[in-house]
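Results of the structural survey
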Amino acid sequence: MKNRTYLFIAVMALLIIGLSIPANAQTMPNFRLRYAQAANGVIGSQTYITTLFVTNPQNFSIQAFIDSFDDANPANPIGLGFSTSCGFDPTTNLFTVPADGTCQFVSDGQGPLKTGWLRATENSGNNNIGGYLVFTLYQGNQFSGFPLLTVGVSPTAILSQFSVPVVRDVNTGKDVGFAMANPFNDGPVTMAVQLVDPNGNPLEEHDVTLQTEGHLAEFASQFFSTLANARNFVGSIVATQRVAQDGVVATALLQTGAQLGGAPPTEEGILAAKSAHGSLRPDASSPQSREVLKSGTAGPGF
């Protein structure tokens, strides 16, 4: 999984020069925001930086914390080394967002490249926050180099099923990258990930099990052998829980040659009886209720 995720990041670095296209999607306030992709550190002569913005829509100040999860070992933080524009208390690992205010967090770009996912949580669990994440690739470093690309990642809810549009053309370099993260700290989740043609017919399917707080990031052409050398393919990826109350947070990227843009996932309730393994319709039990029973610990993102 680690090697595949590094390839996901490395391919971006090789293919995209001088481009800045943030993803876009509606962002809804919540007490916890989950971002399915983040990156920090050096790969070759280039550096990845993650920037996170946290907003407070209340007319009073709030406290919050950031968790991050490393692909290599989700029990460890990515090690973002965030600096912030807002007050931060190292004894509690909490930062303070002023009333109607916004905090900016910028990673340090130090050490070998690490990838994974992160979440920002309002400490009391009673107040909503908003936000947005971008990761930027620099030629050189963030101080003396120049930016090659900036990719935006919107937070998503925990999804029991989602779809992502797919285009694949080996001649023009069209492809889609997708990332999923297990938001739970009480065990693995398993998702059936299916490639669907333009008429809604399933072509290829694989089960993906993400360990506790684990993460997966791949291009569709890597994940589905059907797409390795496909030309002019249009379809979708549909991921569906295998077990009640399982779910993931997700994001996607649309690549066309040397261009990269956002392809946010869509929550779906489809494919009732088209899977090779039987019905993929999710159980009525909501994965959101599973996370309500758990709370994060402050500060490993710093």
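Conventions and cut-offs
- Residues numbered from 1 in each chain as written.
- Predicted model: local features only at pLDDT ≥ 70, side-chain atom pairs only at ≥ 80, totals over all residues.
- Heavy atoms only, no water.
- pLDDT = per-residue confidence, 0-100.
- Helix = DSSP H or I, 4+ residues; strand = E, 2+ residues; numbered from the N terminus.
- Contact = heavy atoms within 4.5 Å.
- Core = buried A, V, L, I, M, F, W, Y, C linked by side-chain atoms within 4.5 Å.
- Buried < 20%, exposed > 50% of the residue type's maximum accessible area, 1.4 Å probe, protein only.
- Polar contact = N/O pair within 3.5 Å; in protein donor to acceptor, adjacent residues only side chain to side chain.
- Pairing = 2+ DSSP bridges.
- Salt bridge = Lys/Arg side-chain N within 4 Å of Asp/Glu carboxyl O.

Attention now moves to the confidence of the model for the protein. Summary statistics for the protein give a mean pLDDT of 81 and a share of 76% for residues scoring 70 or more. Of all secondary-structure elements in the protein, the lowest mean pLDDT belongs to helix 1 (residues 2–15), at 47, while strand 7 (residues 102–106) reaches the highest, 96. In the model, residues 270–285 has pLDDT below 50 throughout and makes 38 contacts with residues more than four positions away in sequence or in other chains. Here residues 293–302 scores under 50 on pLDDT; set against residues more than four positions off or in separate chains, the count is 36 contacts.

Turning our eyes to something else, we now look at the nonpolar core. Counting 32 residues, the largest nonpolar core has F162, F178, M180, V193, F224, L227 and I237 as the members making the most contacts within it. Taken together, the elements giving at least two residues each to this core come down to strand 11 (161–168), strand 12 (174–181), strand 13 (189–196), strand 14 (202–210), helix 2 (220–223), strand 16 (233–241) and strand 17 (249–256). Sequence-distant contacts of V193, that is, excluding residues within four places in its chain, are made with F178, M180, E204, E205, H206, V208, F223, F224, I237, V238 and A239. Grouped together as the second largest cluster of nonpolar side chains are 30 residues, L33, F95, V97 and I129 included.

Our focus in this paragraph is the environment of D71. Locating D71 in the fold gives a position in the loop between strand 3 (62–70) and strand 4 (83–84). By relative accessible area, D71 is classed as buried at 8%. Each C-alpha atom, one on D71 and one on T115, is 5.9 Å from the other, the two residues being 44 residues apart in sequence. Within the structure, the side chain of D71 is placed 2.6 Å from the side chain of H215, a separation counted as a polar contact.

Across a sheet, strands are paired by hydrogen bonds formed along the backbone, either parallel or antiparallel in direction. The strand order across the open sheet formed by five strands is 14-13-16-11-19, and the pairing between neighbours is antiparallel. Either end of the sheet is taken by a strand with one partner, and the two such strands are strand 14 and strand 19 (266–267). Relative to strand 16, strand 13 runs antiparallel, the two sharing six bridges. Bridged to L195 within strand 16 is I237.

All right, on to the pairing of strand 16 then. Every regular strand shows the same layout, with side chains that alternate between the two sheet faces. Among the nine residues in strand 16, eight count as buried, and that is most of the element. Sheet topology note: the strand 11/strand 16 ladder contains eight bridges and is antiparallel. Paired with V167 across the bridge in strand 16 is V234.

It is worth spelling out unusual backbone geometry at this point. Residue D100 is not a glycine yet carries a positive backbone phi of 55°. Among the secondary structure elements, D100 is positioned in the loop between strand 6 (94–97) and strand 7. Relative accessible area serves as the criterion here: at 57%, D100 is assigned to the exposed category. The backbone phi angle of Q245 is positive, close to 70°, even though this residue is not glycine. Structurally, Q245 can be placed in the loop between strand 16 and strand 17.

Okay, the pattern of salt bridges next. One side chain can pair with another of opposite charge once the charged atoms of both are near each other. Tallying each qualifying case throughout the model produces five salt bridges. The partner of R119 in a salt bridge is D67, and the shortest N-O contact between them spans 3.0 Å. With R119 in strand 8 (residues 114–122) and D67 in strand 3, this pair connects stretches of sequence that are 52 residues apart. Its salt-bridge partner being D207, residue R242 comes within 3.2 Å of it at the nearest N-O pair. Placement of R242 in the loop between strand 16 and strand 17 and of D207 in strand 14 is noted, with a sequence separation of 35 residues between them. Look at R242 and you get partly exposed, because its relative accessible area is 27%.

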